[in-house]
Amino acid sequence: MKGGNLKLVVVKNGFDAWDWNILGMTLTERMRRIAEIHGLEFQSVESLEDVNLTGSSIVLTRPILFDFKDLSTLNQHIPESGCVEVYASTGEFTGIYLCNGGGLSNANKVSLDFCFVDVATEGVKTAERFLLKKLIKPSDGPISRLINRRISIPISRLLVRTSLTPNMLSLMSFILALVAAAALALGTKLGLLIGGIMAEVASILDGCDGEIARLKLMFSEFGAWFDRVLDRYADILIIAALSTAAMGGHPETAWMWGLIAAAGSLLMSYTANICDIMYLNGIPIRLGRDLRLFIVFFGGLFGKPFETLIVISFVSHIEVIRRIGAFAHNRSCIRH
Ligand code: C2G
Ligand code: CA
């Protein structure tokens, strides 16, 4: 971010929309939090006369909702001196001024390509849809996209109005995975069925912690790490449970397939960051935990713990080998 004293200024201008509740937070609160994340000073004033335009500032004169990441784009376009009016790529005035001293009346125009919602004209429903659509991550796997997010996003839409934090949700998803492992370890038809279903529910809930973190602007380095570490514990316990269940029918080889599947799971996460960088460079399929837990769900439905371990082993190691090959051919993706 430019300068140390950059300000984000909300000019209420009589618009009620600043105080409408959009997914558990008013637009003013959201802007205050966006300013905090970027280390900006925040000011909320009633009218333009109350704005002090001496330092560099981003001034919002209409209730505009934009992604927190777009503040960086706006910041880059703050002029050396004076003010500019920000126009969308469609030619529409956004209600945003980027200033570095000077007055608003003789501001030049700048067109920027970023997505926003004018809450006053488009309403709360459109604003909520705008935020919910952004919850799908570019690195989400096929099961996440096709099934999990379609269920977790509506759940998060309800949870966002409660005081549940992302870390609490990570812990809840982990506890569900533990219950799934306990049921799978029983090895009975019913145990496998319930365990399989619970494993898929835990996988769906694994999306809610990140969704709430993004919606409430509460994401953290610790949270991201905590989420990943708990997932690894849960994965290993589920595979240990499947191996226990498989011992009944295959006492000699169940442990071995369990070990291969556990190694495959861990290697898939070990290689995930390289996969994500390549994904952003256009390698489209990303297989991950969403698929592994879906295989557990399927295996549980059919009461086949041994076969589930074999499928997880093959899928995970083939995926890791594919990543090695893809990285070898796309070394230039990784810039130092
Ligand atoms: N996050 C956080 N705090 C938490 C959990 C998550 O800040 N306690 C944030 C972090 O930025 C983390 C991201 O959310 O990197 C993870 O997003 P999720 O939507 O939880 O995605 P993930 O768990 O990777 O995948 O179908 C479900 C998905 O496969 C879940
Ligand atoms: Ca998660």
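The sections below set out a description of the structure shown in this document. Bear in mind that the values here come from a model prediction, so they are computed numbers and not experimental data.

1. What about the overall build of the protein chain?
1) Next: Per the secondary structure count, the protein chain includes 11 helices and 10 strands.
2) Next: The C-alpha extent of the protein chain, read off along each of the three principal axes, is 80 × 45 × 30 Å.
3) Next: Counting only residues that meet the buried cut, the protein chain has 50% of its 336 residues in that class.
4) Next: Of the roughly 16,200 Å² that the protein chain leaves accessible, carbon and sulfur atoms contribute 63%.
5) Next: Taking the average place of the 32 positive charges on the side chains of the protein chain and the average place of its 31 negative ones, the gap between the two points comes to 5 Å.

2. Some points on a positive patch on the surface
1) Next: A cluster of basic side chains, namely K69, K125, R129, K133 and K134, defines a positive patch on the protein surface.
2) Next: On the secondary structure map, K133 appears in helix α3 (residues 119-133).
3) Next: Take K133: its relative accessible area is 70%, and that puts it in the exposed class.

3. Some details on the coordination of the calcium ion (ligand 2)
1) Next: The protein atoms donating to the calcium ion (ligand 2) are D206 (O), D206 (OD), D209 (OD), D209 (OD), D227 (OD) and D227 (OD), with metal-donor distances spanning 2.2 to 2.9 Å.
2) Next: Counting the intervening residues between successive donors of the calcium ion (ligand 2) yields the motif D-x2-D-x17-D. With D209 in helix α6 (residues 189-215) and D227 in helix α7 (residues 221-247), the pair connects residues that are 18 residues apart, well separated along the chain. An identical accessibility class is assigned to D209 and D227; each is buried.

4. Considering the packing of aromatic side chains
1) Next: Under the criterion given, the structure shown has 11 aromatic pairs.
2) Next: Here F294 and F298 contribute two aromatic rings whose centre-to-centre distance is 6.1 Å and whose plane-to-plane angle is 40°, an arrangement assigned as tilted. Highlighted residues: F294 and F298, both in helix α10 (residues 289-301), separated by four residues, approximately one helical turn.
3) Next: For the pair F298 and F302, a centre-to-centre distance of 5.5 Å together with 45° between the ring planes defines the contact as tilted.
4) Next: Grouped by ring-pair contacts, the aromatic residues F294, F297, F298 and F302 constitute a single cluster.

5. So, the site of ligand 1
1) Next: Close to ligand 1 lie 19 residues; K137, S144, N167, D209 and R214 are nearest.
2) Next: K137 is positioned such that a nitrogen or oxygen atom in its side chain is 2.7 Å from an oxygen atom of ligand 1.
3) Next: Mapped onto the shell around ligand 1, the elements with two or more residues apiece are α4 (142-159), α5 (166-186), α6 and α7.
4) Next: Sort the elements by how many residues they give to the shell around ligand 1 and α6 lands first, with seven residues.
5) Next: Residues belonging to the shell around ligand 1 are distributed by class as follows: four nonpolar, nine polar and six charged.

6. Re α6
1) Next: With 27 residues, α6 ought to run about 39 Å at 1.5 Å a step, and its terminal C-alpha atoms sit 39 Å apart, in line with that.
2) Next: For α6, the buried fraction is high: 20 of the 27 residues fall into the buried class.
3) Next: Just beyond α6, the residue with positive phi is L217, at close to 55°.

7. Some points on the nonpolar core
1) Next: M31, F66, L74 and I96 are the most contacted members of the largest nonpolar core, which totals 82 residues.
2) Next: In terms of residues, this core owes the most to one element, α7, which gives nine residues.
3) Next: Aside from chain neighbours lying at most four places away, what touches I96 is I58, V59, L60, I64, F66, L74, V84, E85, V86 and F114.

Rules used in this analysis
Residues numbered from 1 in each chain as written. Chains lettered and ligands numbered in written order. Predicted model: local features only at pLDDT ≥ 70, side-chain atom pairs only at ≥ 80, totals over all residues. Heavy atoms only, no water. Helix = DSSP H or I, 4+ residues; strand = E, 2+ residues; numbered from the N terminus. Buried < 20%, exposed > 50% of the residue type's maximum accessible area, 1.4 Å probe, protein only. Areas by Shrake-Rupley, 256 points an atom, 1.4 Å probe, with all protein chains shown as cover. Lys, Arg positive; Asp, Glu negative; His and termini not counted. Charge placed at Lys NZ, Arg CZ, Asp CG, Glu CD. Patch = residues over 30% accessible without salt bridge, like charges linked within 9 Å, V, L, I, M, F, W, Y side chains within 5 Å. Salt bridge = Lys/Arg side-chain N within 4 Å of Asp/Glu carboxyl O. Donors = N, O, S within 2.8 Å, 3.2 Å for Na, K, Ca; no water. Phe/Tyr/Trp six-rings, centres within 6.5 Å; stacked < 30°, edge-to-face > 60°. Near = heavy atom within 4 Å. Polar contact = N/O pair within 3.5 Å; in protein donor to acceptor, adjacent residues only side chain to side chain. Nonpolar A, V, L, I, M, F, W, Y, C, P; charged D, E, K, R; others polar. Expected span 1.5 Å × (residues − 1). Core = buried A, V, L, I, M, F, W, Y, C linked by side-chain atoms within 4.5 Å. Contact = heavy atoms within 4.5 Å.

By themselves, these observations are geometric and do not establish any function.
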